[in-house]
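Below are the chains, spelled out letter by letter.
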Amino acid sequence: MIQKFLETKKYDIVEHTEKADIYIINTCTVTNMSDRKSRQMLRRVKELNPNSIVVACGCYVQVAKEELKKIKEIELVLGNNEKKNIVGYIENYIAENVKKLKIEDVMNQKDFVEFGEITFSEKTRAVIKIQDGCDRFCSYCIIPYARGRVRSRRPENVIKEVKKIAENGIKEIVITGIHIASYGKDFKENYQLIDLLEELNKIDGIARIRLGSLEPLIITEEFISRLSKLKKVCDHFHLSLQSGCDETLKRMNRRYTVEQFINIVDLIRKYYKNVNLTTDIIVGFPQETDEEFEQTYKFLEKIKFYKMHIFKYSPRKGTKAAKMEGQIDGKTKEERSQKLIELSNKFEKEYNEKYIGKKIKVLFEEQKNGVYKGHTTNYILAYCNTKEKIENNILEVECEKIEGDHVITKIKN
Ligand code: SF4
């Protein structure tokens, strides 16, 4: 988005490792490590060109005003809401040469901030942000403090953007936000994520609607039965589980139990035959015993996600979990992580193997060295070596074999 703003104003974009006149560091604050990296990056770019303008923006900025004031290499510090005017701030700085720190208290923000002009970054897939903020306060997460309360984007603005995307020939949209299950919670009228999806499903030209990470508790029989009627919604859902042990979930302040989670998975599988479920798991959360980890492992064996993103718990200053007793050592975290990565690879292979010799429909997204890459609705990565021009086409192809994380396909004549 920031890149598009700059390109519109005819700025040339270069790699952050090259000499530039302006460096914009869109910081992250998800772990202490991200904070450190953000600070390092802000200092390092100045070394590349001591006369450059260094701009710090993003989530770390929202939570670390005082720390940033101490970094003398920075000219502009801009909160998340200021990103839409970033070029204006830079040009003012060039005109006036006055350092500026502009951060709105994110907790006071009540409305979704529109970023104005719509931008398209990919030829086949566009990412649509429908809400910001989160009210869940999981004990390990800083996001609610960095992004504030739930603010949903007005449906008419989302619909307008998606129509424009369709006019530009993009076939797939990905619905994202910080906590999309909370969409509409801040509206006066009763309008929720499912209502928005029903509207988006009607837009001509859009062939696929993919959902970003979903809070498991949004899945009720009513939700999933309405969702399954929307033929453009992809049968791939990312449900963040984080742990398969009730005690650990409680300490994480996740609001479901493993029993609720398995019921949710059963519900989804009842409505979607070939559904692909992916998840995030945190290992080595404070006080996670071997037995608790074992419970998680067994639970995961039962669920059989297609892919699991494994995170080794990393304390984030300012969160409840960072102050908890019983922090787990690095070696244990590494061992637990390795075990789950192996399990995840096994499930992925098993899932992909089911497709050998079968036909799948792939939206081909890009081509490199004559090989096209694309995904099925249930997010199987497929390669196809062909001389035909198939980019941005949805084609039925045959799966020949598996190679690593993808399947090799050929076009059926
Ligand atoms: S739901 Fe997600 S964004 Fe919200 S606090 Fe929990 S982990 Fe953070």
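So, here's what we can say about the structure. Given the structure is predicted, the values throughout are model-derived calculations rather than measurements. (Residues numbered from 1 in each chain as written. Predicted model: local features only at pLDDT ≥ 70, side-chain atom pairs only at ≥ 80, totals over all residues. Heavy atoms only, no water.)

### Remarks on the overall build of the chain
Across its full length, the chain carries 13 helices and 17 strands. Taken against the 2.2 N^0.38 rule, which gives 22 Å for 413 residues, the C-alpha radius of gyration of the chain at 23 Å falls within 12% of a compact globule. Expressed along its principal axes, the backbone C-alpha trace of the chain runs to roughly 65 × 55 × 50 Å. Among the 413 residues that make up the chain, the fraction classed as buried is 52%. The contacts of the chain with a sequence gap of at least 6 include a subset with a gap of at least 24, amounting to 72%. In the form shown here, the chain has an accessible surface area of approximately 20800 Å², with 48% of it arising from carbon and sulfur atoms. (Helix = DSSP H or I, 4+ residues; strand = E, 2+ residues; numbered from the N terminus. Rg over C-alpha atoms; globule rule 2.2 N^0.38 Å. Buried < 20%, exposed > 50% of the residue type's maximum accessible area, 1.4 Å probe, protein only. Contact = heavy atoms within 4.5 Å. Areas by Shrake-Rupley, 256 points an atom, 1.4 Å probe, with all protein chains shown as cover.)

### Structural notes on a positive patch on the surface
On the surface, Arg269, Lys273, Lys354 and Lys358 cluster together into a patch of positive charge. Of note, lysine 354 is situated in the loop between helix H13 (330-353) and strand S13 (359-368). On the basis of relative accessibility, which here comes to 45%, the residue lysine 354 falls in the partly exposed class. (Patch = residues over 30% accessible without salt bridge, like charges linked within 9 Å, V, L, I, M, F, W, Y side chains within 5 Å. Salt bridge = Lys/Arg side-chain N within 4 Å of Asp/Glu carboxyl O. Lys, Arg positive; Asp, Glu negative; His and termini not counted. Charge placed at Lys NZ, Arg CZ, Asp CG, Glu CD.)

### What about the site of the ligand?
Around the ligand, the structure places Cys134, Arg136, Phe137, Cys138, Tyr140, Cys141, Ile143, Pro144, Ile178, His179 and Arg254. Residue classes in the shell around the ligand are distributed as 8 nonpolar, 1 polar and 2 charged. (Near = heavy atom within 4 Å. Nonpolar A, V, L, I, M, F, W, Y, C, P; charged D, E, K, R; others polar.)

### Concerning unusual backbone geometry
Not every positive phi belongs to a glycine, and glutamine 287 is a case in point at roughly 70°. Of note in the backbone geometry, tyrosine 379 takes a positive phi value of approximately 65° without being a glycine. Mapped onto the fold, tyrosine 379 is located in the loop between strand S14 (371-375) and strand S15 (381-385). Judged by relative accessible area, which is 28%, tyrosine 379 ranks as partly exposed.

### Some points on the side chain of arginine 254
Within the element layout of this structure, arginine 254 appears in the loop between helix H10 (246-252) and helix H11 (258-271). Of the buried charged residues, arginine 254 lacks a salt bridge, with glutamate 215 as the closest side chain of opposite charge at 4.8 Å. Polar side-chain contacts of arginine 254 include one of 3.4 Å to the side chain of tyrosine 140. Excluding residues within four positions of it along the chain, arginine 254 makes contact with Cys138, Tyr140, Pro216, Ser240, Leu241, Gln242 and Leu249. (Polar contact = N/O pair within 3.5 Å; in protein donor to acceptor, adjacent residues only side chain to side chain.)

### Remarks on the packing of helix H12 (residues 290-303) against H13
At a minimum axis distance of 11 Å, the contact between H12 and H13 shows a crossing angle of 5°. For the element pair H12 / H13, the angle class is roughly parallel. Here Asp290, Phe293, Tyr297, Leu300 and Glu301 of H12 lie close against H13, whose contacting residues are Arg336, Lys339, Leu340, Leu343 and Phe347. Its residues assigned to classes, the contact of H12 with H13 comprises 6 nonpolar, no polar and 4 charged. (Axes fitted to C-alpha atoms, helices over the stretch in contact; angles between N-to-C directions. Parallel < 35°, antiparallel > 145°, perpendicular 65-115°, else oblique.)

### Comments concerning helix H9 (residues 221-228)
For H9, the complete set of buried residues consists of Phe223, Ile224, Ser225, Leu227 and Ser228. Of the surrounding elements, those touching the buried residues of H9 are helix H8 (193-200), strand S9 (208-211), strand S10 (236-238) and H11.

### A short note on the pattern of salt bridges
Summed over all chains, the structure comprises 36 salt bridges. Of the charged contacts in the structure, one is a salt bridge between glutamate 403 and lysine 401, with a shortest N-O distance of 3.4 Å. Residue class for glutamate 403 comes out partly exposed when judged on its relative accessible area of 37%. Through salt bridges with shared partners, a single ionic network connects Arg125, Glu172, Arg208, Arg210 and Glu365.

### Some points on the environment of serine 38
Turning to its location among the elements, serine 38 is positioned in helix H2 (residues 32-48). C-alpha of serine 38 to C-alpha of glycine 370: the two residues are 332 residues apart in sequence and 38 Å apart in space. For serine 38, the residues in contact, after removing those within four places along its chain, are Thr27, Cys28 and Tyr60. Among the polar contacts made by the side chain of serine 38, one reaches the main-chain carbonyl oxygen of serine 34 at a distance of 2.8 Å.

### Some points on a nonpolar patch on the surface
Where nonpolar side chains cluster on the molecular surface, the patch consists of Val63, Met107 and Tyr145 and spans about 220 Å² of accessible area. As for its placement among the helices and strands, valine 63 is situated in helix H3 (residues 59-63). Judged by its relative accessible area of 30%, valine 63 falls in the partly exposed class.

### Describing the nonpolar core
Ranked by size, the top nonpolar core spans 69 residues in total, and within it Ile175, Leu193, Leu200, Ile219, Leu227, Phe237 and Ile268 carry the most contacts. Sort the elements by how many residues they give to this core and H11 lands first, with 7 residues. The residues contacting isoleucine 219, other than those within four sequence positions of it, are Leu214, Ile224, Leu239, Ile264, Leu267 and Ile268. (Core = buried A, V, L, I, M, F, W, Y, C linked by side-chain atoms within 4.5 Å.)

### Examining the sheet that holds strand S11 (residues 276-283)
Across the sheet, which stays open at both edges, the 3 strands sit in the order S10-S11-S12 with parallel pairing between neighbours. Since the sheet does not close on itself, it has two edges, and those belong to S10 and strand S12 (307-312), each with one partner. Pairs of neighbouring strands in the sheet enclose a mean axial angle of 15°, with direction left out of account. One ladder, built from 6 bridges, connects S11 with S12; its direction is parallel. In the sheet register, isoleucine 281 faces S12, and the bridge partner there is isoleucine 310. (Pairing = 2+ DSSP bridges.)

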